[in-house]
Structure formats: structure tokens, C-alpha cells
Amino acid sequence: MDEERMRELSLPVGLKPFRIRTREAWAAFLEGEGELRALMEEPDREAAGERLVARCGELLAPAFSSPSFELGHNGEKYELILVPEGDRARMFQMAYFRRYAPEELLERWNVQVGRSRSESFSLRMYGQEIALGDVQAWAEKTEDGGLGLSLYCEKLAPLMKENEDQAYSIIYILLDQALGELAAMRYVDYLEVLTAPGEGESMPLDSLAGFVSGEVDPEGWPRANDPELSGQRYTAYEGTPSEEEDFDLRRDVYVGVTCCVPLIKSYYQGDDYYMDRLHQDGVVPGFFYYPLDGVDPKEVLDLREQLEQAIQARCGEGVVTFTGGATGTTLGYLDFIAWDLKVLLDSAVEVFAGAPVAWAAFHSFRFLVNGIGLKAEEQE
């Protein structure tokens, strides 16, 4: 990687921030939504469908380089459904976008993130016609308050042998319909599609929502498909700290917590898929890191929380979403998704200047880039 490209990736402040893109996209949508309503009212919906999708994509393009959405009408209002397609990082982006929908628009439109739950649903796909009741589920509550699933469908058994990817695609769609897309993303910690019936008691997939609401999360279930709540489920993780003196960033972590597991996982794997996709839209996931020398171990979490609150207050609304953090043997880490990186970093510089740490830096969730200093250690 050449030096200029490394600088751009290490400090991507040249991107138009998603905060600004969001404002521009909603302005465009508000101006053009009348065209969408007219197309949706045309008698020949099939003929108008292609034009409808293309025009809506154009209106959303200022914010999303590759928007994924569905359009509809619920009898009272028109509907714009932003579809994260199982991508948790994308869900945060879409939830942010939805939050700033103009009030004037909401008089005529419902804007939601994720497909809604359907109590009665059947799917015809890849030559198969399958209803929720055709799938049997063996479910258990996980330690993190989520859901572990083993699913079996007799109709899918032959497809599992011929084309496992297609079988899983069908299962994912059915699961989204059984729970709601965001609830499925929120609760399902692991999923296995069986080639033969499992052992023990099972339930049809259309009963799974009842199991989650009764056994897994009775308090949270009523808002399980609320994008604001879906982003608040945290997962704890542990690591084995490196014993090397010159370790790679985050290799000293022994405990952490996150509400966006894919960003953590892809960072450690050196996979830039999520970063590349989000950078196209001016979204920058990253973390602040700072030394824990001189910090009482009992105050490490308090320090991280104080830094988060101070930075949030300094930069104001709509600039950052904090997603967790981690504690290492040497360094502390505060994770976030930046909707306007420059404003966030300027605010962080001011906060860290008065913080009880010798130095501080920013790093994006790309493994092979450089950190950017925010506070330098004073020379005696």
C-alpha cells in the first residue's frame, strides 16, 4: 500500500460525513417522494415497478452507495423499509438514517428498518414452497441472553445436500418472518440447519416468537424490532493477552464488550469488508486507545465511561454512536461508529487534553493502518 493511500485509510476525514449525506438524502427524498407515490398508484404496478425501484434508489443515493429497501402501502401510509440484510453494522447506519426522517415526510410515510414479523407466511423460492409451520426449531437461551437454534425442515432436506447455500437463504428469510428481521439479528447467537430431525422437544418456527417473549427476553420483546433497542444488546468477550513487548493493537485485550460483534471480529481477522462498505457512505467505525499506567484497576471502567460521556457531550447529537470498549493489560479502548469523523476527533482532542492519561490516539477498525495521535506524552 502506497504512503498516500495509507494516510487516507488511517485518517479518512476526506470522506463526506454520513451526517451530511443523511441530511442531503432526506431533502432529496422529500422533494421526490410524490413521484414514488404516483408510481405506486399506477394501475400496471408490474410495469411501474422497475421505475419505482430505480427512482427510490436515486433519492436515497446521497446517503447510500448501494441502498437496500422495499416499498409498500399499509392501507393508511406509504412505507419505506430499509433492509440491512443481516448486516449488523449496516443496521446501525440505517437506524441513524431513520432517526432523522423529516416530520413532514412522516405524515405520509412510515419509515422502518428491517422487515416486519409475519405470523402467517409462506415462501416460494428455488423450486420450494415452505411455510413457517414446515420448519421445526430446537431452541435454547444462551449465556448472553440470546438464542441458539437448530432448525430442520423435511422439505429442505434434499436441497441441503444439493445446495446448502440456497437452503440457508430460505431459512434466513423464514426466520426473519418468524421473529422480525431486527429481532432475528438481535437474538440469534448461532444457527444450525439440520439434515435430520434433532433430539428432544421441538416447536414449529411460527411458535418461536412466543418462546423468545416468554423465555428469553420478556421485557425487551415488545420493542425487539425497534432499531434503537436492537443496537443496545451488548456481547461480552474475552481474549488471551499477547506476552510480546511490541504487540499489535488490541492484542493485549483480556476482556471487552460490544454491541457490534462484526466490527470486532473482522478487525482481528484483518477483513476490511465492513470498513470498505461503510467508508463508501462516509461512515467510520473506529476506537480511541490510551495507556492505563497509573490508573487504578477498579477505576478503568469508570474512566472509559467518563471519556465516552465527555466526548458525547462535547461533540453533540448526531456525530457518534459508542458501541462498547475493551480493557487490555496495557491499554484501554473505547469503540464507536463516527457519523462525522472530523467533528468527533476535534471533540476528542479537547476531552483527552484534560483526561488523566499520558497520551491518546485514534485508530479505525482496519487492522493494517496507522494510529493517529490525539494527545502526546509530555517530555520531561
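Up top you'll find the structure we're talking about.
For clarity, every value in this text was computed on a predicted model and none was experimentally measured. (Residues numbered from 1 in each chain as written. Predicted model: local features only at pLDDT ≥ 70, side-chain atom pairs only at ≥ 80, totals over all residues. Heavy atoms only, no water.)

Peer 1: So what exactly am I meant to see when it comes to the sheet that holds strand E15 (residues 360–364) here?
Peer 2: The strands making up a sheet associate through backbone hydrogen bonding, with each pair oriented either parallel or antiparallel. The strand order across the open sheet formed by seven strands is E10-E11-E13-E14-E12-E15-E16, and the pairing between neighbours is antiparallel. The sheet is open, and its two edges are formed by strand E10 (235–238) and strand E16 (372–375), each paired on a single side. Neighbour to neighbour, the strand axes of the sheet diverge by 20 degrees on average, direction disregarded. Bridging between E15 and E16 involves three bridges; their strand directions are antiparallel. Looking at E16, one finds that Phe-362 is bridged to Ile-372. (Pairing = 2+ DSSP bridges. Helix = DSSP H or I, 4+ residues; strand = E, 2+ residues; numbered from the N terminus. Axes fitted to C-alpha atoms, helices over the stretch in contact; angles between N-to-C directions.)

Peer 1: Before we go on, may I ask you to explain the nonpolar core in this structure?
Peer 2: Note that soluble globular proteins tend to have their nonpolar side chains buried in a common cluster. Ranked by size, the top nonpolar core spans 52 residues in total, and within it Phe-29, Leu-60, Leu-80, Phe-97 and Tyr-333 carry the most contacts. No other element matches the seven residues that helix H2 (residues 18–40) contributes to this core. Leu-156, Met-160, Leu-174 and Ala-184 belong to the second largest nonpolar core, which has 35 residues in total. (Core = buried A, V, L, I, M, F, W, Y, C linked by side-chain atoms within 4.5 Å. Buried < 20%, exposed > 50% of the residue type's maximum accessible area, 1.4 Å probe, protein only.)

Peer 1: Please explain the side chain of His-279 as it appears in this structure.
Peer 2: Along the chain, His-279 turns up in helix H12 (residues 273–279). For His-279, a relative accessible area of 8% corresponds to the buried category. Within polar-contact distance, the side chain of His-279 engages the side chain of Arg-366 at 3.2 Å. For His-279, the residues in contact, after removing those within four places along its chain, are Pro-12, Leu-15, Val-284 and Arg-366. (Polar contact = N/O pair within 3.5 Å; in protein donor to acceptor, adjacent residues only side chain to side chain. Contact = heavy atoms within 4.5 Å.)

Peer 1: Quick question: what am I supposed to make of the packing of aromatic side chains here?
Peer 2: Aromatic ring pairs are reported here in terms of the distance separating the ring centres and the angle at which the planes meet. Taken as a whole and assessed by the stated rule, the structure comprises 26 aromatic pairs. With 6.0 Å between their ring centres and 50 degrees between their planes, Tyr-168 and Tyr-172 make a pair best called tilted. Pair noted here: Tyr-168 and Tyr-172 are both in helix H7 (residues 164–179), with a separation of four residues, about one helical turn. Chaining the aromatic ring pairs together yields one cluster made of Phe-18, Trp-26, Phe-29, Phe-64, Tyr-78, Tyr-96, Phe-97, Tyr-100, Trp-109 and Trp-339. If you follow Arg-250 out to its NZ or CZ, it ends over the ring of Phe-287, 4.7 Å from the centre. (Phe/Tyr/Trp six-rings, centres within 6.5 Å; stacked < 30°, edge-to-face > 60°. Lys NZ or Arg CZ within 6 Å of the ring centre and 35° of its normal.)

Peer 1: Quick question: what am I supposed to make of helix H13 (residues 300–315) here?
Peer 2: In an α-helix there are 3.6 residues to a turn, and that puts residues three or four apart on one side. With 16 residues, H13 ought to run about 22 Å at 1.5 Å a step, and its terminal C-alpha atoms sit 23 Å apart, in line with that. Where H13 is concerned, the buried positions are Val-300, Leu-303, Arg-304, Leu-307, Ile-311 and Cys-315. In an axial view of H13, the angular spread of the buried residues amounts to 100 degrees, which keeps them on one side of the axis. Summarising the geometry of H13, the exposed residues directed more than 90 degrees from the buried face are Leu-301, Gln-306 and Ala-313. Among the structural elements, strand E11 (253–258), strand E12 (284–291), strand E13 (320–328), strand E14 (331–338) and helix H14 (341–353) are those in contact with the buried residues of H13. (Expected span 1.5 Å × (residues − 1). Arc of directions from axis to C-beta.)

Peer 1: Even after reading the chapter, I still don't get a negative patch on the surface, so can you show me in this structure?
Peer 2: Where like charges cluster on the molecular surface, the negative patch consists of Asp-296, Glu-299, Asp-302, Glu-305 and Glu-308. Residue position: Glu-308 is located in helix H13. According to the relative accessible area criterion, Glu-308 is partly exposed, its value standing at 30%. (Patch = residues over 30% accessible without salt bridge, like charges linked within 9 Å, V, L, I, M, F, W, Y side chains within 5 Å. Areas by Shrake-Rupley, 256 points an atom, 1.4 Å probe, with all protein chains shown as cover. Salt bridge = Lys/Arg side-chain N within 4 Å of Asp/Glu carboxyl O. Lys, Arg positive; Asp, Glu negative; His and termini not counted. Charge placed at Lys NZ, Arg CZ, Asp CG, Glu CD.)

Peer 1: What is the right way to look at the pattern of salt bridges in this model?
Peer 2: A side chain of one charge can pair with a side chain of the opposite charge if their charged atoms are brought near each other. The final tally for this structure, using the stated rule, is 25 salt bridges. The salt bridge involving Arg-250 is made with Asp-335; its shortest N-O contact spans 2.8 Å. With Arg-250 in the loop between E10 and E11 and Asp-335 in strand E14, this residue pair connects regions lying 85 residues apart in the sequence. Asp-335 shares its class with Arg-250; the two are buried. Of the charged contacts, one joins Asp-276 and Arg-366 as a salt bridge, the two residues approaching to 2.9 Å between their closest N and O atoms. Of this pair, Asp-276 sits in helix H12 while Arg-366 is found in the loop between E15 and E16, placing the two residues 90 residues apart along the sequence. One salt-bridge network, in which partners are shared between bridges, spans Glu-33, Arg-37 and Arg-108.

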